[in-house]
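What follows is each chain in one-letter form.
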Amino acid sequence: MIRVVHLFKTLQEQLILDDINLEVPQGELLVILGESGAGKSVLLKHLIGLFKPDSGEVEINSQDITKLSEAELLKVRKKMGYLFQEGALYDFMNVFENLAFPLEEHTTFDDQTIAEKVQEALKTVDLAGVEGKYPSELSGGMRKRVALARALIMDAKILLCDEPTSGLDPIRSRDISDLIRSVSKRYNCTTVITSHDIDNSFRIADRLALLRSGQIIAIGTPAELKSSDNSFIREFFQS
Ligand SMILES: Nc1ncnc2c1ncn2[C@@H]1O[C@H](COP(=O)(O)OP(=O)(O)OP(=O)(O)O)[C@@H](O)[C@H]1O
Ligand SMILES: [Mg+2]
């Protein structure tokens, strides 16, 4: 479970997150929507401890991670999968090496177990057979899939995805959105996605939150948000 309590964050004298309160139960898929610059990525980075709030709490499975040292935080992060906005694969490693790397760094698995886990993760994202390719030899959609496989390979129970459809065409966007939903449900992950992509978000989300000027101005199921009578919310979802 993820819980954010009265979180405030100022960056360069600008209030970016303004009293965020949020609870994501185990197994839920929440999408955070909002205009560019609304603070979606900054909020997501607080959930993995890349940013520390000025005040407020971020609880991951009942542990307030804002109070942890870097070493303790690393342990918590190992249990989380994070899909960066840019994908963030290592360009100098092939797909196999990109996926094996976290296992080599953080586990004591032998080479054969690691190889099996890499194959299994690639199969999960429908990418068997690309082990030897380098990121530059993959399409944008394939890179996102590899990044998703890498996020999952440590058996993460918490999955955070920052704009997983950015830079993809409508078909690839739909595919990666559906894939995130299906792996998230298969492994019972608590999943938080940020997105601009309203159609795909409505299709895959259990709940959606709308962030505006650092505040969550609406949160609910797709049906609840669609029937909102708030004019900004209506406009946002119709654009
Ligand atoms: N490291 C940083 N230092 C200073 N300001 C930052 C930093 N990261 C983000 N910001 C500022 O915080 C605000 C919110 O940025 P954020 O990246 O969270 O937006 P976003 O909602 O993710 O936008 P997009 O949809 O374009 O990804 C912006 O005004 C941005 O300039
Ligand atoms: Mg962003």
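A brief look at the structure comes next. All figures in this text were calculated on a predicted structure; none of them were measured in a lab.

## What to know about the sheet that holds strand S5 (residues 63–64)
Phase 1: A sheet is described by the order of its strands in space; here four strands give the open sequence S2-S1-S4-S5, paired in antiparallel fashion. At either end of the open sheet lies a strand with only one pairing partner, and these are strand S2 (14–24) and S5.
Phase 2: Pairing of strand S1 (residues 2–11) with strand S4 (residues 55–60), which is carried by five bridges, proceeds in the antiparallel orientation. Looking across to S4, one finds that Ile2 is bridged to Ile60.
Phase 3: Against the sheet, helix H1 (residues 40–47) makes contact with S1, S2 and S4, and its axis sits at roughly 125° relative to S1, the strand it touches most.

## Concerning empty space enclosed by the protein
Phase 1: Inspection of the entire model under this criterion finds two cavities of 30 Å³ or more.
Phase 2: Each pocket or cavity is described by its volume, and for the largest cavity that value is around 60 Å³.
Phase 3: If you trace the largest cavity, you find it lined by Val31, Pro164, Thr165, Ser177, Ile180, Ile193, Thr194, Ser195, Asp197, Asn200, Ser201 and Ile204.
Phase 4: Mapped onto the lining of the largest cavity, the elements with two or more residues apiece are helix H6 (170–186), strand S8 (190–195) and helix H7 (198–204).
Phase 5: For the lining of the largest cavity, a count of residues per class yields five nonpolar, six polar and one charged.
Phase 6: Lining the second largest cavity we find His46, Gly49, Phe51, Lys52, Pro53, Val58, Ile65 and Thr66.
Phase 7: Among the residues making up the lining of the second largest cavity, the classes are represented as four nonpolar, three polar and one charged.

## Observations concerning the side chain of Lys144
Phase 1: In this fold, Lys144 is placed in helix H5 (residues 140–152).
Phase 2: No salt bridge forms around the buried Lys144; measuring N to O, its nearest opposite-charge neighbour Glu163 is 7.8 Å away.
Phase 3: A distance of 3.4 Å separates the side chain of Lys144 from the backbone oxygen of Ser166, its partner in a polar contact.
Phase 4: Not counting the four nearest positions on each side in its chain, Lys144 is found in contact with Leu83, Gln85, Glu163, Pro164, Ser166, Leu168 and Ile176.

## Points about the environment of Ile60
Phase 1: Following the sequence through the fold, Ile60 ends up in strand S4.
Phase 2: Owing to a relative accessible area of 4%, Ile60 belongs among the buried residues under this scheme.

## Regarding the packing of helix H3 (residues 95–106) against H5
Phase 1: Two elements in contact, H3 and H5, have axes whose closest approach is 8 Å; the angle formed by their N-to-C orientations is 25°. On the basis of the axis angle, H3 is roughly parallel to H5. As for the relative orientation of H3 and H5, their crossing is right-handed in sense. Each of Val95, Asn98, Leu99 and Pro102 in H3 lies in contact with H5, whose residues at this interface are Val146, Ala149 and Arg150.
Phase 2: Among the residues making up the contact of H3 with H5, the classes are represented as five nonpolar, one polar and one charged.

## Some remarks on the packing of aromatic side chains
Phase 1: What the rule picks out here adds up to three aromatic pairs.
Phase 2: Summarising the aromatic geometry, the rings of Tyr90 and Phe92 are spaced 5.6 Å apart at their centres and angled 45° between planes, so their arrangement reads as tilted.
Phase 3: Of the residues examined, Phe92 reaches a relative accessible area of 62% and is grouped as exposed.
Phase 4: On the basis of relative accessibility, which here comes to 34%, the residue Tyr90 falls in the partly exposed class.
Phase 5: We note Arg212 situated over the ring of Phe232; from NZ or CZ to the ring centre the distance is 3.7 Å.

Scoring rules and cut-offs
Residues numbered from 1 in each chain as written. Chains lettered and ligands numbered in written order. Predicted model: local features only at pLDDT ≥ 70, side-chain atom pairs only at ≥ 80, totals over all residues. Heavy atoms only, no water. Pairing = 2+ DSSP bridges. Helix = DSSP H or I, 4+ residues; strand = E, 2+ residues; numbered from the N terminus. Contact = heavy atoms within 4.5 Å. Axes fitted to C-alpha atoms, helices over the stretch in contact; angles between N-to-C directions. 1 Å grid on protein atoms, 1.4 Å probe; cavity = no way out; pocket = protein on both sides within 12 Å on 5 of 7 lines; lining within 4 Å. Points joined across faces, edges and corners; volume = space filled by probe spheres on them. Nonpolar A, V, L, I, M, F, W, Y, C, P; charged D, E, K, R; others polar. Buried < 20%, exposed > 50% of the residue type's maximum accessible area, 1.4 Å probe, protein only. Lys, Arg positive; Asp, Glu negative; His and termini not counted. Salt bridge = Lys/Arg side-chain N within 4 Å of Asp/Glu carboxyl O. Polar contact = N/O pair within 3.5 Å; in protein donor to acceptor, adjacent residues only side chain to side chain. Parallel < 35°, antiparallel > 145°, perpendicular 65-115°, else oblique. Left-handed = near helix turned anticlockwise from the far one by under 90°. Phe/Tyr/Trp six-rings, centres within 6.5 Å; stacked < 30°, edge-to-face > 60°. Lys NZ or Arg CZ within 6 Å of the ring centre and 35° of its normal.

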